[in-house]
Amino acid sequence: MPELKDLSVVVPLYNEEESLPELINWISRVMQKHGFTYEIILVDDGSTDRSWEVVKALGNENGAVKGVKFNRNYGKSAALDTGFKLAQAEVVITMDADLQDSPDEIPELYRMIKEEKYDLVSGWKQKRYDPLSKTIPSKFFNYVNSKISGIKLHDFNCGLKAYRYEVVKNISIYGEMHRYIPVIAKWNGFKKIGEKVVEHRARKYGVTKFGLERFIFGFLDLLSVTFVSRFKKSPMHFFGTLGTLSFLLGSIITVVIIANKLIKIYRGELARSVTEQPLFFLALVAIIIGTQLFLVGFLAELMIMVTGRRKGEYLITEKVGVVD
Ligand code: UDP
Ligand code: MG
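Residues numbered from 1 in each chain as written. Chains lettered and ligands numbered in written order. Predicted model: local features only at pLDDT ≥ 70, side-chain atom pairs only at ≥ 80, totals over all residues. Heavy atoms only, no water.

K.L.:
Which parts of the structure should I look at to understand the overall build of the chain?
P.N.:
When you go through the chain residue by residue, the secondary structure sums to 10 helices and 8 strands. Relative to its length of 324 residues, the chain is extended, with a C-alpha radius of gyration of 26 Å against a globular reference of 20 Å. Taken over 324 residues, the chain has a buried fraction of 48%. Of all intrachain contacts in the chain linking residues separated by at least 6 positions in sequence, the fraction that spans at least 24 positions is 82%. Here the chain displays about 17,000 Å² of accessible surface, and carbon together with sulfur accounts for 62% of that area. Computed over 44 positive and 37 negative side-chain charges, the inter-centroid distance for the chain is 7 Å. (Helix = DSSP H or I, 4+ residues; strand = E, 2+ residues; numbered from the N terminus. Rg over C-alpha atoms; globule rule 2.2 N^0.38 Å. Buried < 20%, exposed > 50% of the residue type's maximum accessible area, 1.4 Å probe, protein only. Contact = heavy atoms within 4.5 Å. Areas by Shrake-Rupley, 256 points an atom, 1.4 Å probe, with all protein chains shown as cover. Lys, Arg positive; Asp, Glu negative; His and termini not counted. Charge placed at Lys NZ, Arg CZ, Asp CG, Glu CD.)

Below you can see the structure in the form of structure tokens.
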């Protein structure tokens, strides 16, 4: 294993050509001032502007800069996941490329991980420089996330976060899950999660890459994360329980209906035909749903057995300074 540096800064970027030189400059200044050994991993998420040319130029100028380029836009989660796989440092920082996060926060984040022994420290943009259409829904979502996940954070989606090496090597993020990294970390056993108020700045160049759909998708993702994390080891526990309950309920009702009929026939009373009773059909539906749920549980178990952990596989077309 190559020796670990003090810090690795992972930056996902999508069409951020103007911001990059300033960002790299600033990060390097902070690192040198504090005497950290470091690397900066720029993950170009399929930019269509000149970002990759800028990354290559920066890589030639500065030995600490590494870069990989995706063949297309896979999303911020894919970019972070790839950065995490490459990072070789005791503390890994993620930050956005758009200069909204300040590199001056890095030394304190590093100290919290190293000295206060946090697994993960998330930034909190207490004072935000974003439009109200973003900040108000975001308050609501952070509240819901915090309640559902049981993690006391004010700002789950903050791009500026710090992680212990073991954490980034043991979690995978895919889809749009970058908003829930603290939740994923917690479910993987990294429970010491902290928060630091960080300085937030207005976007200087370029435009935001996420619209309002982030809130709908975000909520669906929260459900998936919570569900998958809770039942990923044994989906059968979830589907099997529901399936058994539904099956049992249906069977009991059917038995009662048939028993009723038999008793009436035995007593010579007038018995209503079983198929004329709505309850009988409801019971059938319950039995069928129960069987289906069982089967879904088995299929989910099979998938887990066959695929094991879900891996992010993204096609990287070019690299600078990254050795395989
Ligand atoms: N980003 C990315 N891939 C995408 C969208 C965004 O790598 O598909 C990067 C983007 O370049 C930036 C960071 O993710 O570095 C955060 O994006 P943005 O600033 O647009 O989000 P906001 O600050 O509006 O939440
Ligand atoms: Mg931004």
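K.L.:
I tried to follow helix H2 (residues 51-61) on my own but got confused; where do I start?
P.N.:
Every α-helix carries 3.6 residues per turn, so stepping three or four residues along brings you back to the same face. Looking only at H2, the buried set comprises Ser51, Trp52, Val54, Val55, Leu58 and Gly59. Angularly, the buried residues of H2 cover 155 degrees about the axis, an arc narrow enough to put them on a single face. In H2, the exposed residues that point more than 90 degrees away from the buried face are Asn60 and Glu61. Along its buried surface, H2 packs onto strand E1 (5-13), helix H1 (20-34), strand E2 (38-44), strand E3 (65-70) and strand E8 (316-320). (Arc of directions from axis to C-beta.)

K.L.:
Explain the nonpolar core here, please?
P.N.:
Among soluble globular proteins, nonpolar side chains are generally buried collectively. Formed by 38 residues in total, the largest nonpolar core has its most connected members in Leu7, Leu42 and Ile93. Contributions of two or more residues to this core are made by E1, H1, E2, H2, strand E4 (89-94) and helix H4 (106-114). Residue contributions to this core peak at 7 residues, all from H1. Those residues within four positions of Ile93 in sequence are excluded, and the remaining contacts are Leu7, Ser8, Val9, Val10, Ile106, Leu109, Leu160, Lys161 and Ala162. (Core = buried A, V, L, I, M, F, W, Y, C linked by side-chain atoms within 4.5 Å.)

K.L.:
Explanation requested: unusual backbone geometry in the structure shown.
P.N.:
Positive phi, close to 55 degrees, is recorded for Asn15, a residue that is not glycine. Among the secondary structure elements, Asn15 is positioned in the loop between E1 and H1. Positioned with a positive phi, Lys117 is a non-glycine residue whose angle comes to about 60 degrees. By relative accessible area, which is 52% here, Lys117 ends up exposed.

K.L.:
Honestly, the packing of helix H5 (residues 132-149) against helix H8 (residues 213-231) in this entry has me stumped. Any pointers?
P.N.:
For any two helices packed against each other, one specifies the inter-axial angle together with the distance between the axes. Contact geometry for H5 and H8: axes closest at 11 Å, N-to-C directions at 10 degrees. By the angle between their axes, H5 is roughly parallel relative to H8. In this structure, H5 contributes Ser133, Lys134, Pro137, Ser138, Phe141, Val144, Asn145 and Ile148 to the contact, and H8 contributes Arg214, Phe215, Phe219, Leu222 and Thr226. Per-class residue counts for the contact of H5 with H8 are 7 nonpolar, 4 polar and 2 charged. (Axes fitted to C-alpha atoms, helices over the stretch in contact; angles between N-to-C directions. Parallel < 35°, antiparallel > 145°, perpendicular 65-115°, else oblique. Nonpolar A, V, L, I, M, F, W, Y, C, P; charged D, E, K, R; others polar.)

K.L.:
How should the packing of H1 against H2 be read in this particular structure?
P.N.:
Relative orientation of the contacting elements H1 and H2 amounts to 30 degrees, with a least axis distance of 10 Å. On the basis of the axis angle, H1 is roughly parallel to H2. Considering the relative orientation of H1 and H2, their crossing is right-handed. In contact with Leu20, Pro21 and Ile24 of H1, H2 contributes Ser51, Val54, Val55 and Leu58. Partitioned by chemical class, the residues of the contact of H1 with H2 number 6 nonpolar, 1 polar and no charged. (Left-handed = near helix turned anticlockwise from the far one by under 90°.)

K.L.:
For this particular structure, what's the right way to read the pairing of E4?
P.N.:
On a regular strand, each side chain points to the face opposite its neighbour's, so the side chains alternate between the two faces of the sheet. Among the 6 residues of E4, 5 are classified as buried, and the element is accordingly described as predominantly covered. The sheet contact formed by E1 and E4 spans 5 bridges and is parallel. Residue pairing in the sheet places Val10 in a bridge with Thr94 of E4. As paired strands, E4 and strand E6 (residues 161-164) are joined by 4 bridges and run antiparallel to one another. By the bridge assignment, Val92 is partnered in E6 with Tyr163. (Pairing = 2+ DSSP bridges.)

K.L.:
I would appreciate a short explanation of the coordination of the magnesium ion (ligand 2) in the present structure.
P.N.:
A four-donor tetrahedral metal ideally has 109.5 degree angles, and a six-donor octahedral metal ideally has angles of 90 or 180 degrees. The magnesium ion (ligand 2) binds to the protein through Asp98 (OD) and Gln100 (OE1), with metal-donor distances spanning 1.9 Å. Assessed through its relative accessible area of 4%, Asp98 is described here as buried. (Donors = N, O, S within 2.8 Å, 3.2 Å for Na, K, Ca; no water.)

K.L.:
How should the sheet that holds E3 be read in this particular structure?
P.N.:
Taken in spatial order, the 8 strands of this open sheet run E7-E5-E6-E4-E1-E2-E3-E8, and their pairing is mixed. Taken across any chain shown, the strands that pair with only one partner, and hence form the sheet edges, are strand E7 (193-197) and E8. Between one strand axis and the next, the sheet turns through 20 degrees on average, direction left out of account. Across 4 bridges, the pairing between E3 and E8 is antiparallel. The residue of E8 that forms the bridge with Phe70 is Ile316. Those strands touched by H4 are E1, E4, strand E5 (120-124), E6 and E7, and its axis lies near 130 degrees from that of E4.

That's the geometry; what it means functionally is another story.
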